[in-house]
Amino acid sequence: MKVGVIGCGFFAQNHLHAWRDIDGVDVVALCDNDRSNLVATGKEFKIKRQFTDAIELFDYGDFDIVDIATTVPSHRSLVEMAAQNAKHIICQKPFAESIKDARAMVNAVEATGKTLMVHENFRWQSAVRAVIEELRNGTIGEPFFGRVSFRSGFDVFSGQPYLAEGERFIIEDLGIHILDIARALFGDVARISATKRRINPSIRGEDVATMFLEHKGGTSCIVDCSYATRRQIEAFPESVIEVDGDKGTISLDLGYKMTVQANGQSKTWDLSPPLLPWASKPWHNIQESVRIIQKHFINCLLEGCEPETNGYDNLQTLSLVEAAYLSASEHRTVELEEI
Ligand code: NAD
Ligand code: 89V
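Parameters and conventions
Residues numbered from 1 in each chain as written. Chains lettered and ligands numbered in written order. Predicted model: local features only at pLDDT ≥ 70, side-chain atom pairs only at ≥ 80, totals over all residues. Heavy atoms only, no water. Helix = DSSP H or I, 4+ residues; strand = E, 2+ residues; numbered from the N terminus. Rg over C-alpha atoms; globule rule 2.2 N^0.38 Å. Buried < 20%, exposed > 50% of the residue type's maximum accessible area, 1.4 Å probe, protein only. Contact = heavy atoms within 4.5 Å. Areas by Shrake-Rupley, 256 points an atom, 1.4 Å probe, with all protein chains shown as cover. Lys, Arg positive; Asp, Glu negative; His and termini not counted. Charge placed at Lys NZ, Arg CZ, Asp CG, Glu CD. Near = heavy atom within 4 Å. Polar contact = N/O pair within 3.5 Å; in protein donor to acceptor, adjacent residues only side chain to side chain. 1 Å grid on protein atoms, 1.4 Å probe; cavity = no way out; pocket = protein on both sides within 12 Å on 5 of 7 lines; lining within 4 Å. Sits in = over half its atoms within 2 Å of the grid points. Nonpolar A, V, L, I, M, F, W, Y, C, P; charged D, E, K, R; others polar. Salt bridge = Lys/Arg side-chain N within 4 Å of Asp/Glu carboxyl O. Phe/Tyr/Trp six-rings, centres within 6.5 Å; stacked < 30°, edge-to-face > 60°. Arc of directions from axis to C-beta.

Novice: Quick question: what am I supposed to make of the overall build of the protein here?
Specialist: Across its full length, the protein carries nine helices and 15 strands. Taken against the 2.2 N^0.38 rule, which gives 20 Å for 339 residues, the C-alpha radius of gyration of the protein at 20 Å falls within 12% of a compact globule. With respect to the principal axes defined by its C-alpha atoms, the protein has extents near 60 × 45 × 40 Å. The burial tally for the protein puts 56% of its 339 residues in the buried class. A separation of at least 24 residues holds for 66% of the contacts in the protein among residues at least 6 apart in sequence. Accessible area for the protein stands at about 14600 Å²; split by element, carbon and sulfur atoms hold 47% of it. In the protein, the 35 positive side-chain charges and the 48 negative ones have mean positions that sit 3 Å from each other.

Novice: How should I be thinking about the site of ligand 1 in this particular structure?
Specialist: Residues in contact with ligand 1 amount to 23 residues; listed here are only the nearest, F11, D32, N37, N121 and Y162. One nitrogen or oxygen atom from the side chain of N121 is found 2.7 Å from a nitrogen atom belonging to ligand 1. The site holding ligand 1 turns out to be the largest pocket. Grouping the constituent residues of the shell around ligand 1 by class yields eight nonpolar, 11 polar and four charged.

Novice: Quick question: what am I supposed to make of unusual backbone geometry here?
Specialist: Glycine aside, negative phi is the norm for most residues, and most peptide bonds take the trans geometry. Residues F236 and P237 are joined by a peptide bond in cis, for which omega reads -10°. Inspection of the secondary structure assignment puts P237 in the loop between β10 (220-226) and β11 (240-245). A cis amide bond, omega 5°, links K281 with the succeeding residue P282. In this structure, A86 is a non-glycine residue whose phi angle is positive, near 50°. Relative accessible area serves as the criterion here: at 38%, A86 is assigned to the partly exposed category. At Y256, a residue that is not glycine, the phi angle is positive and equals roughly 60°.

Novice: Would you mind going over the pattern of salt bridges with me for this structure?
Specialist: Proximity of charged atoms lets side chains of opposite charge pair with each other. A complete count under the given rule lists 23 salt bridges for this structure. One salt bridge connects D173 with K93, and the closest N-O pair in it is separated by 3.0 Å. Highlighted residues: D173 in helix α7 (residues 170-186) and K93 in the loop between β5 (88-92) and α5 (99-110), separated in sequence by 80 residues. As far as burial versus exposure is concerned, D173 and K93 are alike and both buried. Close ionic contact of E133 with R129 constitutes a salt bridge, the shortest N to O distance being 3.3 Å. Placement of both E133 and R129 in helix α6 (residues 126-136) is noted, with a separation of four residues, approximately one turn of the helix. For E133, a relative accessible area of 35% gives the class partly exposed. Each of R123, R129, E133, R136, D180, R183, D188, E308 and D313 takes part in salt bridges that share partners, so that together they form one network.

Novice: I tried to follow the packing of aromatic side chains on my own but got confused; where do I start?
Specialist: Under the counting rule described, the total for this entry stands at 13 aromatic pairs. With 5.5 Å between their ring centres and 75° between their planes, F150 and Y227 make a pair best called edge-to-face. Of this pair, F150 sits in strand β7 (residues 143-151) while Y227 is found in the loop between β10 and β11, placing the two residues 77 residues apart along the sequence. Ring centres of F150 and F236 lie 6.2 Å apart, and the angle between their planes is 85°; on these two criteria the pair is classed as edge-to-face. Pair noted here: F150 is in strand β7 and F236 is in the loop between β10 and β11, with a separation of 86 residues, a long-range link. The same class applies to F150 as to F236, namely buried.

Novice: Where do I start with helix α1 (residues 12-21) in this structure?
Specialist: Side chains that are three or four residues apart share a direction in an α-helix, a result of its 3.6 residues per turn. When you tally the buried positions in α1, you get seven out of 10 residues, the bulk of the element. Turning to α1, its buried residues are A12, N14, H15, L16, H17, A18 and W19.

Novice: What am I meant to see in helix α2 (residues 35-45) here?
Specialist: When α2 is considered as a whole, its buried residues turn out to be L38, T41, G42 and F45. All buried residues of α2 project into a common sector of 105° when viewed along the axis, lining one side. Residues S36 and K43 are exposed on α2 and point more than 90 degrees away from its buried face. The elements touched by buried residues of α2 are α1, β2 (26-31) and β3 (50-51). Looking one or two places after α2, you find K46, whose phi comes out positive at around 55°.

See below:
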């Protein structure tokens with residue numbers, strides 16, 4: 001399968017390494033309107049076909065999949081261009097700047113019959129995935145309580161300066177992943193209550209958020225996120241998870257330790273992710289998940305099935321983000337139906 005990648009910035013480097021690791025996949029063209037990023041990435045990955053304008057990339061057109069690894073303001077126009085050119089699409093999160101845009105984008109791709117997946121990778125981190133599988137296997141019975149927590153003081157702004165500049169920060173950028181993990185565990189959400197705060201005075205948006213989710217299936221879940229947490233052991237980018245079910249509990253603790261307690265027994269696994277040859281700590285956990293999600297996308301194309309985080313699925317996660325901001329600004333519980 002031939003891939004055209006749009007966006008050669010900070011995170012696209014991981015996409016490109018991951019594509020190189022997947023059998024039968026070949027990145028044949030790159031596009032970035034920043035020529036220096038384009039040329040440097042082309043040199044690193046030995047990809048000669050380079051375009052500074054997505055229109056030229058689509059005019060070239062000899063690829064099956066377009067991988068959109070740009071930041072969110074460009075996503076709507078690029079997804080619609082890809083749909084017009086009948087390509088399969090994998091698009092970075094946040095998928096769209098508004099739920100209205102996201103719905104239009106999903107509809108545009110639907111009309112082509114091609115596959116659209118949002119690159120929502122946190123649910124594919126191997127330790128997080130183990131918790132999801134353990135719960136889906138029924139080991140602890142029906143879940144009634146969950147907590148998914150991400151608390152860090154890591155400097156994300158030096159690698160991604162745009163994160164300090166937006167009016168919105170942690171819910172839209174990172175909370176979106178943690179809310180998506182909650183959905184992967186407990187299904188869709190009926191209502192949400194949220195608070196948010198900015199602790200770091202040198203950024204514009206909120207860097208702390210605490211959310212309470214009432215899932216349609218009956219589970220109550222707390223999702224809490226912080227980039228203002230100073231601890232001696234920096235946890236970036238680990239998520240901590242607790243799930244109580246009617247037959248037992250599952251926890252994923254710092255250090256990638258998963259413990260399952262059920263049937264009077266307790267078992268703990270070390271689920272530390274591997275350090276892939278092209279990865280570096282502390283990002284290796286995320287980097288591994290990039291390879292796993294991109295493999296999932298390719299498998300779905302080969303088998304003709306829908307990716308787990310297809311466009312329709314991601315509308316639910318994006319709605320949760322919107323609902324969290326609405327709840328925090330109006331100090332009230334928001335029904336997801338309102339979004
Ligand atoms: P970046 O700014 O470093 O790179 C984006 C690149 O896209 C830049 O080189 C820019 O010139 C190019 N670009 C923008 N608009 C374009 C257009 N219309 N046509 C062609 N090129 C265009 O950003 P980044 O940090 O790499 O983030 C990219 C995306 O990845 C964001 O949406 C971010 O949220 C996401 N991200 C995800 C994770 C994760 O773990 N899932 C981690 C980091 C970033
Ligand atoms: O995963 C992300 O989307 C990143 C980070 C981990 C820094 O929040 O932006």
